[in-house]
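One-letter residues, chain by chain:
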Amino acid sequence: MAFFSRFFSRAENAPLPTLEDLLKARGVPMDLPGLAELEPDFEHHEADGREEWADALAELHEADHSLPGLWVDGQYDLLPELAPTWKCEREGFYYRPFVDGLSERVLAGGRPMPAAWLTLWGITEEDVLDRALEQLREKSKGHPFQRLASGIYQSTYQDGLDASRMLLPELWSDLFPGQNTFLAVPNPGQILVAPQVLLPKLVEAIDNALTEDAERLFATIFQFVDGNLLPATLQDPHPIAQPQRELRQGDVLHAYRAQEEDLDPALGVACPVGMMRTQQGRAISYTLWTQGKPVLVPETDMIVFMDSKKKPLGMYARQTMPRIHELKGVPMEIWGPRRVRYEGFPTAEQLDRLDCVANSEQVLEIFKNPQPGGVQAQTAKAPALPPRSASPVPDHLRGVSLGVQSEDK
């Protein structure tokens, strides 16, 4: 028995790996700025904890992120921040989803906190988030919301973190007692609150905020229901149903345009996106797919196909693309909204299988582009197109008539 006891105790008595050996195996230098201050915490870990600690250092080193200071000091310099989820995915710092399209992350010393800091601090996500939220709560005292002439309320914090107060319902949930509460955060430094009866004024305020130079955060209107925030569901014939749809589409298109800058050109051409309004005021998103090279197609309502000379071949409902089974698309692995890569281009016979909303001549009339070289992605609006009875469009677009670009655009 003594023999077996010695045999099974060898692993327990094995020497723990040193930080130097662990970092050397991962190709990480020992002279990382700030490592000396953190190293005493490493010594308290067992073997598995030391491996995780070294992995966290390697992750920070590879991403060129700094090391944190000691938790005993850093805990007092934390604040929460709301950011579009696509931006959180792109930048790679710690975040967690908050509400559809928006995520919560943590600012440490005014900069987004990397997830690996949690491992080095030995602190849970909840500990960090609670500490950051409590400090935002303290920072928010003495700053009541301002009632505008329109009747809606606007934040007055002026610290660039106004939108983050969506995380603190106690600050705004009682502004309109007994009424449904709606919110919007068009930019990081602004939160707008309105009751249902003032939704038109809220839309107007959002539009005004989006014309300013401030960074766009999220234009979609949210509703506070039973203690929860969610995108406001406004169905036709509600007068704000279409403005809400346009605001939501605008947020998605904003993400697509940011995504274009980050795509590898070798993968293909990023199809540009745009939005138009029908004569009934309904917002429709579209993309331009030009023949000649592989393309990265976004998920818009419509696709405008153009030949190699940028002459439009027609506008078609994207949802009917699976009918062209010969043309296989490959979903892209990238942050943000979805794109599908196509190497080929539909033939005339294949295009005939899709639901056509506007033919070549009608597309030219819709965009009214005076510049040579083809259609330009921008908003269009005006007279109705003749209906097509041979190929009905999807249910949510039936009865829709597209328009040409207005002269005052």
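It should be emphasised that the depicted structure is a prediction, and the values quoted were computed from it without experimental measurement. (Residues numbered from 1 in each chain as written. Predicted model: local features only at pLDDT ≥ 70, side-chain atom pairs only at ≥ 80, totals over all residues. Heavy atoms only, no water.)

Here's the deal with the nonpolar core
Cut-off, in case you're wondering: We call a set of buried Ala, Val, Leu, Ile, Met, Phe, Trp, Tyr and Cys residues a nonpolar core when their side-chain atoms join them within 4.5 Å. Note on exposure labels: buried denotes an accessible area under 20% of the residue type's maximum, exposed denotes more than 50%, and partly exposed covers the range between, all computed with a 1.4 Å probe on protein chains only. A helix here means a DSSP run of H or I that spans at least four residues, while a strand means a run of E at least two residues long, and both kinds are numbered starting from the N terminus. We call two residues in contact when some of their heavy atoms are within 4.5 Å.
Residues Leu-57, Met-113 and Val-128 are the most contacted members of the largest nonpolar core, which totals 30 residues. Looking at this core, the elements with two or more residues in it are α3 (19-25), α4 (35-42), α5 (47-63), β3 (102-108), α8 (116-121) and α9 (125-139). The element contributing the most residues to this core is α5, with 6 residues. When neighbours within four sequence positions are excluded, Val-128 is seen to be in contact with Trp-71, Leu-78, Val-106, Met-113, Leu-118, Trp-121 and Ile-123. Leu-79, Leu-102, Leu-217 and Phe-224 belong to the second largest nonpolar core, which has 26 residues in total.

Overview of the pairing of strand β18 (residues 339-342)
Side-chain direction in a regular strand flips from residue to residue, so the side chains alternate between the two faces of the sheet. Put simply, the rule is: Strand pairing requires that DSSP identify at least two bridges connecting the strands.
Here β18 shows no split at all, with Arg-339 and Arg-341 on one side and Val-340 and Tyr-342 on the other all buried. With 4 bridges connecting them, strand β14 (residues 295-298) and β18 associate as antiparallel partners. Residue pairing in the sheet places Leu-296 in a bridge with Arg-341 of β18. By the bridge criterion, 2 bridges tie strand β17 (residues 330-331) to β18 in an arrangement that is antiparallel. Considered in β18, the bridge of Val-330 is made with Arg-341.

Digging into the side chain of Gln-244
By the secondary structure assignment, Gln-244 is in helix α11 (residues 241-260). Setting aside anything within four residues of it in sequence, one finds Gln-244 in contact with Thr-220, Ile-221, Pro-231, Ala-232 and Leu-234.

Details of the sheet that holds strand β10 (residues 228-231)
How we decide: Axis lines are fitted to C-alpha atoms, over the contacting stretch for helices. Their N-to-C directions set the angle, which ranges from 0 to 180 degrees.
Reading across the sheet, the 6 strands line up as β5-β6-β8-β7-β9-β10 and stay open at both edges, with antiparallel pairing between neighbours. Looking at the sheet topology across the chains shown, the edges are occupied by β5 (146-147) and β10. Relative to strand β9 (residues 218-225), strand β7 (residues 181-185) is paired through 4 bridges, and the arrangement is antiparallel. Of the residues in β9, the one forming a bridge with Leu-183 is Phe-222. Across the sheet, helix α10 (residues 199-210) touches β7, β8 (192-195) and β9, and the angle it forms with β9 is around 145°. Of the strands in this sheet, β9 and β10 touch α11, which is tilted by about 125° from β9.

Geometric values such as these leave the question of function open.
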